[in-house]
Amino acid sequence: MATVEDNQADIVVIGAGIAGASVAAELAGSAKVVMLEMERQPGYHTTGRSAAVFAPCYGPTPIRELTRASESFFRNPPVGFTDTSLFAPRPILMIARPEQRGVLEALTEALSRETRVQRLSGDELAAHQPMLRPDYASDGMLDEMGQDIDVHALHQGYLRQFRALGGTLETGAEVTALEREGDDWCVITKKGTLRAPVVVNAAGAWADVVGQMAGAERIALTPKRRTAMMIADHPTIATADLPITIDVEEQFYLKPDAGRLLISPADETPSAPCDAQPEELDIAICADRIMTAFDLDIRRIENSWSGLRSFVPDGVPVVGYSDVAQGFFWLAGQGGYGIQSAPGLAQYAAAAIQKREMPARVMETGFDPASVSPERLEVAA
């Protein structure tokens, strides 16, 4: 790696998706950081296939806390970070059939302690989502704080910030081995070898593979395939400002997107780490669920794709130093929440990596570092 002087760094970040890029950008101002990406371009896998929404009501408690901690960054990114807005208003509507009412009530009660949500039924529900078929959903919960996130602008902003602060990005640099030599990690890649005392594992679906290379603890990470597709817009209803509409038990969602409709069966099919591709069965299931819930006649799928969202058993990210592999830092298991929580999670992770004071904006949300620590998985086991 001729671009890295003496092949020595302070910190090596493995993975240049949103997790790796954001934490690397947070670290680069105070350390010599090299970020390694196995593909020819950053964000090829999950980050580049995300239809992200900023949803304060979405995810387990630590994710909701990190999401709230991220809001100010999205609204006011650093100077030069991006020349476009990272946010565009997109209300979030959770809907429930009569048999799902109890699930919606429990969710509404939990979220009302953190954010302002509104219960809807009858004509109010139809007014906010006129595509719903009559008598399909009995109740809804509306969160008007939702936002569409410009994922490309966010990711590129972090990469730009990283380079501006002196960070080095190496693409096509798949890690093939990790060996501890004295106080350093020897990071062996297809482009050469690096040394650094700290390795940050932000390898997404491949994070457990990287962890095994380092001899770290197993975190029971499971990549899960999520399928999405584009269909034509509704022929008579104006949809541009309608909410993203999500089944309260996440059996599907629908979101207006640039004059079309993005739909998903919200599938979570376990998969080995790979370049995920959509399955015909998932596409058919999605079309059926959407046509059952909405006044839509899907004649053609314009395009479809899949990505891998990676989870550990409790659905909460794993962020912290390994107990068994010195200098090896986990930044994995963000599931489907990695974009909306990226700024807050990166700020927290960077402070933890460098053993600095925790960022006030994150801690003010009530976030508990123990909730994301690798140690909690050992206790659970």
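Described below are features of the structure shown in this document.

How each quantity is defined
- Residues numbered from 1 in each chain as written.
- Predicted model: local features only at pLDDT ≥ 70, side-chain atom pairs only at ≥ 80, totals over all residues.
- Heavy atoms only, no water.
- Buried < 20%, exposed > 50% of the residue type's maximum accessible area, 1.4 Å probe, protein only.
- Helix = DSSP H or I, 4+ residues; strand = E, 2+ residues; numbered from the N terminus.
- Contact = heavy atoms within 4.5 Å.
- Pairing = 2+ DSSP bridges.
- Axes fitted to C-alpha atoms, helices over the stretch in contact; angles between N-to-C directions.
- Salt bridge = Lys/Arg side-chain N within 4 Å of Asp/Glu carboxyl O.
- Left-handed = near helix turned anticlockwise from the far one by under 90°.
- Nonpolar A, V, L, I, M, F, W, Y, C, P; charged D, E, K, R; others polar.
- Expected span 1.5 Å × (residues − 1).

Notes on helix α1 (residues 18-28)
So, step 1. Here α1 lies mainly inside the structure; 10 of its 11 residues are buried.
So, step 2. Burial in α1 covers these residues: Ile 18, Ala 19, Gly 20, Ala 21, Ser 22, Val 23, Ala 24, Ala 25, Leu 27 and Ala 28.
So, step 3. The inward-facing, buried residues of α1 abut β1 (11-14), β2 (33-36), α5 (151-164), β13 (198-201), β21 (328-332) and α8 (342-353).

With respect to the sheet that holds strand β11 (residues 184-189)
So, step 1. Strand order in the open sheet formed by 3 strands is β10-β11-β12, with antiparallel pairing between adjacent strands. Edge positions in the sheet fall to β10 (175-181) and β12 (192-196), since each has one partner strand and no second. On average, each strand axis in the sheet is tilted by 20° relative to the strand beside it, whichever way the strands run.
So, step 2. Strand direction decides the pairing type here: β11 and β12, joined by 5 bridges, are antiparallel. Within the sheet, the bridge partner assigned to Cys 186 lies in β12 and is Arg 195.
So, step 3. On top of the sheet, helix α6 (residues 207-214) reaches β10 and β11; it is set at about 35° to β10, its chief contact.

Topic: the pattern of salt bridges
So, step 1. Taken as a whole, this structure holds 21 salt bridges when the rule is applied.
So, step 2. For Lys 255, the salt bridge is made with Asp 148, and the minimal N-O distance between the two is 3.4 Å. With a gap of 107 residues between them, Lys 255 in strand β16 (residues 253-257) and Asp 148 in strand β8 (residues 147-149) connect regions that are remote in the sequence.
So, step 3. The exposure class assigned to Lys 255 is buried, which follows from its relative accessible area of 5%.
So, step 4. On the basis of relative accessibility, which here comes to 14%, the residue Asp 148 falls in the buried class.
So, step 5. Where Glu 181 meets Arg 195, a salt bridge forms, and the shortest distance between an N and an O atom there is 2.5 Å. Taken as a pair, Glu 181 in strand β10 and Arg 195 in strand β12 lie far apart in primary sequence, 14 residues in all.
So, step 6. Several salt bridges share partner residues, and in doing so they unite Arg 90, Asp 148, Lys 255 and Asp 257 into one network.

Points about the packing of α1 against α5
So, step 1. Packing of α1 against α5 leaves a shortest axis separation of 8 Å and a crossing angle of 35°. For the pair α1 and α5, the sense of crossing is left-handed. Only Leu 154, His 155, Tyr 158, Leu 159, Gln 161 and Phe 162 of α5 make contact with α1, whose side of the interface consists of Ile 18, Ala 21, Ser 22, Ala 24, Ala 25 and Ala 28.
So, step 2. Looking at the contact of α1 with α5, its residues break down into 9 nonpolar, 3 polar and no charged.

Section: the environment of Leu 377
So, step 1. Residue position: Leu 377 is located in helix α10 (residues 375-380).
So, step 2. Overall, Leu 377 belongs to the buried group, its relative accessible area being 14%.
So, step 3. In the structure, Leu 377 is positioned 161 residues away from Ala 216 in sequence and 13 Å away in space, judged by C-alpha atoms.
So, step 4. Dropping the residues within four chain positions of it, Leu 377 is found in contact with Ile 219, Val 312, Asp 314 and Val 318.

Regarding α8
So, step 1. Over its 12 residues, α8 extends 16 Å from the first C-alpha to the last, a length consistent with the 16 Å expected when each residue adds 1.5 Å.
So, step 2. When you tally the buried positions in α8, you get 12 out of 12 residues, the bulk of the element.
So, step 3. Regarding α8, the residues found buried are Ala 342, Pro 343, Gly 344, Leu 345, Ala 346, Gln 347, Tyr 348, Ala 349, Ala 350, Ala 351, Ala 352 and Ile 353.
So, step 4. Positioned one or two residues after α8, Lys 355 has a phi angle of 55°, which is positive.

Looking at the pairing of strand β14 (residues 222-232)
So, step 1. In terms of burial, β14 is a largely internal element, 8 of the 11 residues being buried.
So, step 2. As paired elements, β14 and strand β19 (residues 303-311) share 9 bridges and run antiparallel to each other. Across the sheet, Lys 224 pairs through a bridge with Arg 309, a residue of β19.
So, step 3. Pairing analysis gives 2 bridges linking β14 to strand β18 (residues 269-270), with the strands arranged antiparallel. Paired with Lys 224 across the two strands is Pro 270, which belongs to β18.
So, step 4. Here 4 bridges tie β14 to strand β17 (residues 260-264), and the two strands are oriented antiparallel to one another.

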